[in-house]
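Reading the structure
Residues per chain, in single letters:
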Protein chains: 2
Amino acid sequence: MTHAPPRRLQTLMQALQRLPGVGQRSAARMAYHLLQHDRDGALQLAQALQEAVQGMRHCVLCHTLAEEEVCPTCADPTRDASQLCVVETPADQAAIERTGAYRGRYFVLMGRLSPLDGVGPDDIGVRPLLQRLQATPPVREVIVATNFTAEGEATAHVVTQLASALGLHVTRLARGVPVGSELEYVDLGTIAHALADRR
Amino acid sequence: MTHAPPRRLQTLMQALQRLPGVGQRSAARMAYHLLQHDRDGALQLAQALQEAVQGMRHCVLCHTLAEEEVCPTCADPTRDASQLCVVETPADQAAIERTGAYRGRYFVLMGRLSPLDGVGPDDIGVRPLLQRLQATPPVREVIVATNFTAEGEATAHVVTQLASALGLHVTRLARGVPVGSELEYVDLGTIAHALADRR
Ligand SMILES: [Zn+2]
Ligand SMILES: [Zn+2]
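Residues numbered from 1 in each chain as written. Chains lettered and ligands numbered in written order. Predicted model: local features only at pLDDT ≥ 70, side-chain atom pairs only at ≥ 80, totals over all residues. Heavy atoms only, no water.

Where an unreviewed UniProt entry is consulted, chain A appears under the name Recombination protein RecR, with the organism given as Tepidimonas charontis. Per UniProt, the comment on chain A under Sequence similarities (unreviewed entry) is "Belongs to the RecR family." As its UniProt record puts it under Function (unreviewed entry), chain A is described as follows: "May play a role in DNA repair. It seems to be involved in an RecBC-independent recombinational process of DNA repair. It may act with RecF and RecO." (UniProt positions renumbered as here; feature names shortened; annotations may be inferred.)

**A short note on the coordination of the zinc ion (ligand 2)**
Residues and elements named next belong to chain B. Those protein atoms acting as donors to the zinc ion (ligand 2) are Cys59 (SG), Cys62 (SG), Cys71 (SG) and Cys74 (SG), and they sit at 2.3 Å. Of note is the zinc ion (ligand 2), whose four donor atoms meet at the metal with angles of 105 to 119° in an arrangement that counts as tetrahedral. The sequence motif formed by the donor residues of the zinc ion (ligand 2) is C-x2-C-x8-C-x2-C. Separated by 12 residues along the polypeptide, Cys59 in the loop between β1 (57-58) and β2 (65-66) and Cys71 in the loop between β2 and α4 (72-75) bring together distant segments of the chain. What makes Cys59 buried here is its relative accessible area of 3%. (Donors = N, O, S within 2.8 Å, 3.2 Å for Na, K, Ca; no water. Tetrahedral: all angles 85-135°; square planar, octahedral: opposite > 155°, others 65-115°. Helix = DSSP H or I, 4+ residues; strand = E, 2+ residues; numbered from the N terminus. Buried < 20%, exposed > 50% of the residue type's maximum accessible area, 1.4 Å probe, protein only.)

**Regarding the coordination of the zinc ion (ligand 1)**
At this site the zinc ion (ligand 1) is bound by A:Cys59 (SG), A:Cys62 (SG), A:Cys71 (SG) and A:Cys74 (SG), with donor distances of 2.3 to 2.4 Å. Each donor residue of the zinc ion (ligand 1) belongs to the same chain, with the gaps between them written as C-x2-C-x8-C-x2-C.

**Focus on the UniProt feature "zinc finger region: C4-type" (unreviewed entry) in chain A**
According to UniProt, the "zinc finger region: C4-type" (unreviewed entry) feature falls on residues 59-74 of chain A. Helix makes up 19% of residues 59-74 of chain A and strand 12%. Its end C-alpha atoms lie 8 Å apart.

**Side note on the sheet that holds strand β5 (residues 141-144) of chain B**
Residues and elements named next belong to chain B. Strands sit in the order β4-β3-β5-β6 across an open sheet of four strands; the sheet is parallel. Strands with a single pairing partner mark the edges of an open sheet, and in this sheet they are β4 (104-108) and β6 (169-172). Each strand axis lies, on average, 25° off the axis of its neighbour in the sheet, ignoring direction. Direction of pairing for strand β3 (residues 80-87) relative to β4: parallel, over a ladder of five bridges. Each residue of the ladder has a partner; that of Leu84, found in β4, is Arg105. (Pairing = 2+ DSSP bridges. Axes fitted to C-alpha atoms, helices over the stretch in contact; angles between N-to-C directions.)

**Details of the pairing of strand β4 (residues 104-108) of chain A**
Across the five residues that make up β4(A), a large majority, five, are buried. You can see the chain leave strand β3 (residues 80-87) of chain A, run along helix α5 (residues 90-99) of chain A and come back into β4(A), and the turn it takes is right-handed. (Right-handed = clockwise from strand over helix to strand, strands pointing away.)

**Considerations on the packing of aromatic side chains**
Residues and elements named next belong to chain A. Counting across every chain of the model gives two aromatic pairs over all chains. Judged by centre distance (5.2 Å) and plane angle (70°), the rings of Tyr102 and Tyr106 are edge-to-face. There is no split in this pair, since Tyr102 and Tyr106 are both buried. A cation over an aromatic ring shows up here: Arg172 above the ring of Phe148, its NZ or CZ 4.2 Å from the ring centre. (Phe/Tyr/Trp six-rings, centres within 6.5 Å; stacked < 30°, edge-to-face > 60°. Lys NZ or Arg CZ within 6 Å of the ring centre and 35° of its normal.)

**Overview of the UniProt feature "domain: Toprim" (unreviewed entry) in chain A**
The UniProt entry lists residues 82-178 of chain A under the feature "domain: Toprim" (unreviewed entry), expressed in the numbering used here. The span residues 82-178 of chain A shows a helical share of 35% and a strand share of 20%, and its end C-alpha atoms are spaced 28 Å apart.

**Comments concerning the pairing of β6(B)**
Residues and elements named next belong to chain B. Note that β5 and β6 share four bridges and pair parallel. Residue pairing for β6: Val144 is matched across the bridge by Arg172. Since β5 and β6 lie parallel, the crossover through helix α7 (residues 150-165) that links them has a hand, and here it is right-handed.

**Quick word on unusual backbone geometry**
For the peptide bond that leads from A:Thr136 to A:Pro137, omega is -5°, which places it in the cis range. Within the secondary structure, A:Pro137 sits in the loop between α6 (126-133) and β5 (141-144). If you check the backbone angles, B:His63 has positive phi at about 75° while not being a glycine. Position of B:His63 among the secondary structure elements: in the loop between β1 and β2. Here B:His63 falls in the buried class, since its relative accessible area comes to 12%. A positive phi is found at B:Met110, a non-glycine position, where the angle reads about 60°. In this fold, B:Met110 is placed in the loop between β4 and α6 (126-133).

See below:
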């Protein structure tokens, strides 16, 4: 190209495209914005990236990203070690925590199976989950709390098989009608599942 | 919050939201992706940001982002110094360069007027343009090549007034360029004709 952008600008645009969802055009817009209007922001982002890469790791017990070898939730001695709730993401874990209805331990897969996107068991925390299930103190119940999407269900299937093979008691969050909602306005699939899962 | 993400992760998510078009959800997705699957990419991005902030400045002649005080295009002695083509962005400049139909100089505003978004003359290179128009060797013709959008036309109006006030001959790209389109995506022939038919 006879009229290529300067090298450092090109390097920045390429590096920005490593971010998920950022293509060539967004990367250019981001690069120009930072260099023209927010150089402080650019330097803050650079530092935040370096500190996160240096300081964040997977918790050896629950696999979530943490600053410590054992994250604060896993380090809490008041939580019931016999229950292990398996979730896809820290956001899902936070949603369950907000209910205040669960006081056991967690395992955070940090992803979900998605064969179409090339996400297999080795790309999410299935291997560390296997280690976790064999650790002491022993887990007695595995609560599968992956999402009720196709990918979440596929992930649930793999987790269930793994835990069952180890002789553990496996449960799944109930599918049903949301509390406070009227049947008239609930979608058919949810009602059908609520009927099938009635207890 | 009882279950907040670790501090370094929060800092990274906030820093990513300084990027235009990146909200809370995208920032979280980006942070997790980098820390789980592309730590090399994160460090490369950090370095690219720092080197770009340190090494990129505005060319003192044409106002584009450059690694040198005077960019390669402005430093080219074979280009006609009596013609100055005013464009919004480096991408627009590159589109004109690709036609091979123009051998004069450029001024890159690095933006366009957009009063609704709070972008006024001081936010784009109007002040450095005024200096440029008064520099030697003298410019005789100012070719206004801002986009044929509402914002581009408003920008063209300001540039035209400025150059006219200095007694310079001002032309505008002919409307061979489809109204409402951006130069970056217009075919070469149309741009070449618009250059030839400038008035
Ligand atoms: Zn943990
Ligand atoms: Zn220049």
